[in-house]
Amino acid sequence: MSSENSSADDVQRVWDVVVVGAGPAGASAAYAAAVAGRSVLLLEKAELPRYKTCGGGIIGPSRDSLPPGFELPLRDRVHAVTFSNNGRFTRTRRSKQMLFGLINRPEFDQQLVEHAQKAGAELRTGVTVQRVEQHGSAVPDRRTVAVFLQGGETLLARAVVGADGSASRIGAHVGVKLDQVDLGLEAEIPVPETVAEDWKERVLIDWGPIPGSYGWVFPKGDTLTVGVISARGEGAATKRYLEEFVGRLGLAGFEPSVSSGHLTRCRADDSPLSRGRVLVCGDAAGLLEPWTREGISFALRSGRLAGEWAVRIAEAHDAVDARRQALNYAFAIKAGLGVEMSVGRALLTVFERRPGLFHAALTGFRPAWNAFRDITRGSTSLAEIVRVHPMAQRALTAFDRRPVDPVGGGEATEVSS
C-alpha cells in the first residue's frame, strides 16, 4: 500500500518504489519490494520480450537467487567444458552433474517480470525515463523522488531503484564511476541438427589473443550463441577475433540470425551505490564479475537487495533515516558482491598476463578444475575459495610473478571428473 498522507499525494499517486529497467536486476528488485507488500511500479523502455546480448549462462548463484517456484526455461544443461588457448591445446573436462544451464534472455527476463507482477508489481513498457529529481518544484516533500518520463509525465515515489543497464541515466544521477569497460560481440547462429548434436551439453571457452579476452560457444537447441569479449579500445581486433573464432569452428558458412555488440562496465571501488532515496543495482551500478564479465548472478543478487532496502527507504521519515538505510544497502553489496569483484579483478590481472597458465591449470590441475566446477554449480565462490584457502591467495600472487611460460602439448585430450 502506498503511504499517502499529504494533500499533494491526494492529487497524484505516490508509489512506494519505482524501479527503472525490467532486466534481471530490475525484475528482482520489483519482486522483492512487491513481496514486502509495497506498491511497486516497474518501468521498461522496450516492449517485452526483447533481445539482449548475453551468453545466457545460469550458474549456481543465479539459480539460488531466483524467486520461489521459478522454472528455469533451460535450452541446454552443460556437463562438459572444452577449453582452448587461442584455438590451440584443446582439452575437454566433463562432469557427471550439471555445471550450469543455458537460457535465452528474452524468455528468462519475461518470466522474471511475470513473477514480479504476480507478487503485485505493476509494469509499464515503452516508457523512457529522462531523469530523476529529489529537490525542486516537482517534488512535494523531502520524502519523495520525482521521475520524469519522455513525453512530459512525472511520477512520484518514496524510493527509486535504477536498474536501467550499463548506460544508466539513474546511474548518472547517483554518480556511478566505472574503471573497466569491455566490448562484447556476439552472434546467434542457427545450425543443422547434426552440428547442434555435436555441441549438446558442452560449451567451449577459448582464451583469446588480446590480453584479457576470451570467446565462448553456448549451445541452445538448434542455435549456437558464439561471442568474444575484450577491453574497449580494441574494436577492430575484437571483431577480427570473432571472425577468426567463428571460422576455425567451421561455422562461417551459417548465417547468424542476430549479430550484436554491447559494452560491459565494472564499477570503481569507491563508486556510490545510492544518492538520497535512489539506489542502483546490476549493470546500472557497474556490478559484474571483472574476469568473466558474468553479470546475471550479480544482477539478480543486487536487485533483490536493492528491492529490500528500497522498502526500508520508502518507510524512512527523514533524510537521516533514508541515508542510514542506503548505507546499509551499500554495506550489504560490498560485503558480498564487492569482495567477489575484488578477487575477480586480481584474477583478471593475472589472466591478462598469463592466459597460458590459466589454461594449464584448468585443464591439467585437478584442484583448479574442481574450483571452476564448484563455482559454476554455486557450492562456493571465488571470494570463499580465497578466504578459506590461503594457498589460493598465494597462488594468485605467484602466478603473477612467474615468467611467461607457453603451454606445451597440442594434442586434444578429455578428462572426466
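Residues numbered from 1 in each chain as written. Predicted model: local features only at pLDDT ≥ 70, side-chain atom pairs only at ≥ 80, totals over all residues. Heavy atoms only, no water.

The chain has the name Geranylgeranyl reductase family protein in an unreviewed UniProt entry, where Streptomyces guryensis is given as its organism.

## Considering the sheet that holds strand β3 (residues 57-58)
Stated formally: Any two strands with at least two DSSP-identified bridges between them are counted as paired. Starting at the N terminus, helices and strands are each numbered in turn, a helix being any DSSP run of H or I of at least four residues and a strand any DSSP run of E of at least two.
The sheet built from three strands is open, its strands ordered β3-β7-β4 with antiparallel pairing. Unpaired on one side and paired on the other, β3 and β4 (74-78) mark the two borders of the sheet. As judged from the two bridges shared by β3 and strand β7 (residues 100-103), these two strands associate in the antiparallel manner. Across the sheet, the residue bridging to isoleucine 58 is glycine 101, located in β7.

## A word on the UniProt feature "domain: FAD-binding" (unreviewed entry) in the chain
Here is the rule we go by: UniProt positions are given in the numbering used here, feature names are shortened, and annotations may be inferred rather than shown by experiment.
As recorded in UniProt, the sites labelled "domain: FAD-binding" (unreviewed entry) are residues 16-179. With 23% helix and 36% strand, residues 16-179 has end C-alpha atoms that lie 33 Å from one another.

## Observations concerning the state of the cysteines
What counts here: We call a pair of cysteine sulfur atoms a disulfide when they lie within 2.5 Å.
This model, assessed by the stated rule, comprises zero disulfides. Cysteine cysteine 54 remains unbridged, with the sulfur of cysteine 266 as its closest cysteine sulfur at 14 Å. The structure places no disulfide on cysteine 281, whose sulfur is separated from the nearest cysteine sulfur, that of cysteine 266, by 15 Å.

## Section: helix α2 (residues 24-35)
Here is the rule: To estimate the expected span of a helix, count its residues, drop one, and scale the result by 1.5 Å. Relative accessible area decides the class of each residue, using a 1.4 Å probe on protein chains only: under 20% of the type maximum gives buried, over 50% gives exposed, and in between gives partly exposed. Should any heavy atoms of two residues lie within 4.5 Å, those residues are counted as being in contact.
The first and last C-alpha atoms of α2 sit 16 Å apart over 12 residues, in line with the 16 Å expected at 1.5 Å per residue. With respect to burial, α2 is a largely interior element, 11 of its 12 residues being buried. Those residues of α2 lying buried are Pro24, Ala25, Gly26, Ala27, Ser28, Ala29, Ala30, Tyr31, Ala32, Ala33 and Ala34. Of the surrounding secondary structure, the elements contacted by the buried residues of α2 are β1 (14-20), β2 (40-44), α4 (105-118), β11 (154-162) and α8 (296-315). Looking one or two residues past α2, glycine 37 carries a phi angle of roughly 90°, positive in sign.

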